[in-house]
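One-letter residues, chain by chain:
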Amino acid sequence: MTEIVGVIGSGTMGNGIAQVAARAGYSVIMRDIKDEFLQRGLQAINKSLQRDVDKERLSAGEKQSILDRIKCTTDLDALSAAAFVVEAVTEDLAVKTELFSALDRITPPEVILASNTSSISITRLGAATSRPAKVIGMHFMNPVPVMKLVEVIRGIATSNETYERVRSLTEKLGKTALDCNDSPGFVSNRVLLPMINEAIFTLYEGVATRESIDGIMKLGMNHPMGPLQLADFIGLDVCLAILNVLYDGLGDPKYRACPLLKRYVDAGWLGRKSGRGFYEY
Ligand SMILES: NC(=O)c1ccc[n+]([C@@H]2O[C@H](COP(=O)([O-])OP(=O)(O)OC[C@H]3O[C@@H](n4cnc5c(N)ncnc54)[C@H](O)[C@@H]3O)[C@@H](O)[C@H]2O)c1
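Here the structure is a predicted model, which is why all the values come from computation and not from measurement.

**Here we look at empty space enclosed by the protein**
Applying the stated rule across the entire model yields one cavity of 30 Å³ or more. By volume, the largest cavity is sized at about 40 Å³. Contributing to the lining of the largest cavity are Val5, Ile17, Ala21, Val86, Met138, Phe140, Leu169 and Leu173. The class makeup of the residues in the lining of the largest cavity is eight nonpolar, no polar and no charged.

**Looking at the packing of aromatic side chains**
The tally for this structure, following the rule as stated, stands at four aromatic pairs. Here a set of aromatic residues connected by ring pairs shows up, and it is made of Tyr264, Trp269 and Phe278. In this structure, arginine 276 is placed above the aromatic ring of tryptophan 269, and the distance from its NZ or CZ to the ring centre is 3.7 Å.

**Regarding unusual backbone geometry**
Going from asparagine 142 to proline 143, the amide bond is cis rather than trans, its omega being 0 degrees. Inspection of the secondary structure assignment puts proline 143 in the loop between strand E6 (135-140) and strand E7 (149-154). At glutamate 56, a position not held by glycine, the phi torsion is positive, near 60 degrees. Relative to the helices and strands, glutamate 56 resides in the loop between helix H2 (35-54) and helix H3 (60-68). When its relative accessible area of 74% is taken as the criterion, glutamate 56 is described as exposed. Even without being glycine, asparagine 222 reaches a positive phi, approximately 60 degrees.

Cut-off values and rules
- Residue positions are given per chain, counted from 1 along the sequence in the order it is written.
- Only residues with pLDDT of at least 70 are given local features in this predicted model, and only at 80 or more are side-chain atom pairs given and counted; all residues enter the totals for whole chains, interfaces and linings.
- Side-chain metrics in this entry use all non-hydrogen atoms of the structure; hydrogen atoms and water are not considered.
- Cavity and pocket criteria rest on a 1 Å grid covering protein atoms alone: a 1.4 Å probe that fits but cannot get out defines a cavity, protein on both sides within 12 Å along at least 5 of 7 lines defines an open pocket, and an atom within 4 Å of a point defines a lining residue.
- Grid points are joined across faces, edges and corners, and a volume is the space filled by probe spheres set on the points.
- Ten residue types, Ala, Val, Leu, Ile, Met, Phe, Trp, Tyr, Cys and Pro, are classed as nonpolar, four, Asp, Glu, Lys and Arg, as charged, and the remainder, Gly among them, as polar.
- In summary, the pairing rule links any two rings of Phe, Tyr or Trp, Trp by its six-membered ring, whose centres are within 6.5 Å, and it sorts them by plane angle into stacked for under 30 degrees, edge-to-face for over 60 and tilted for everything else.
- Two thresholds decide whether a charge sits over a ring: the Lys NZ or Arg CZ must be within 6 Å of the ring centre and within 35 degrees of the ring normal.
- For the purposes of this entry, the term helix denotes a DSSP run of H or I that reaches at least four residues, the term strand denotes a run of E that reaches at least two, and both are numbered from the N terminus.
- With a 1.4 Å probe rolled over the protein chains alone, any residue whose accessible area is under 20% of its type maximum counts as buried; one over 50% counts as exposed, and the rest are partly exposed.

What follows is the structure, encoded as structure tokens:
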């Protein structure tokens, strides 16, 4: 019988993870709190797969089989059938700890519980369960079907066996696992966000225009996108929240968010999703 991967959350990341797991041949149970959210998630998967059909990278029959492997539910108890669970719900400590404690009750004790969190401590999520050795971070990148990396985060109690199983699952999903220990921002955001923040400081201090800052990083460093445009794509509120996690968690003033970033977030200029950030959309 095909192993079942449980995915909790059908938003941007959850539906991407469900798609990638189903495409790799797994049966998937995708859980969200409302049917309409699940339908929206399924539509996103359908659209993404259709693009591959249009480009002749996937047949219509294969697309249908992938969709058929994804079962949607609002019932958390349905996760009792999963061999592996990846959580991708809203970034909120209380929501996630409650969910991990419920999953701990519902799923068999050997099941690995992975979180896609960008900033919450894996050690804390592990402590909400009776199986911290089986709790781990699987930080997929957005958009999930496209991006190769899964940053795998070991909590203080995560076992080597859990890590090896997650690495093997990641490879089966066609991705590359690179591991790090649990620490604020992990590696990806700890390195990326200070660069974005510094770019915002250069704009704030009038060192250069937005076009010049982004152009210098694109043409000079071969980055596919300048840091200000990238900030707009990530969401300026998300950037600010991650910088605050780094600042609070590491206690070093070098992570203080640029006042211009705070001002933009106060104004509701959150980047692409709100129509205005460092650029207009
Ligand atoms: N968006 C990104 O670029 C990105 C990248 C890497 C990691 N992440 C992380 O992935 C996670 C999800 O982010 P997202 O961007 O997909 O968010 P999102 O808002 O698009 O989706 C979150 C979904 O979780 C659902 N949800 C909330 N509580 C739930 C519960 N108890 N059970 C089931 N579903 C529940 C919501 O209804 C929503 O559909 C977060 O932890 C975030 O930090 C996001």
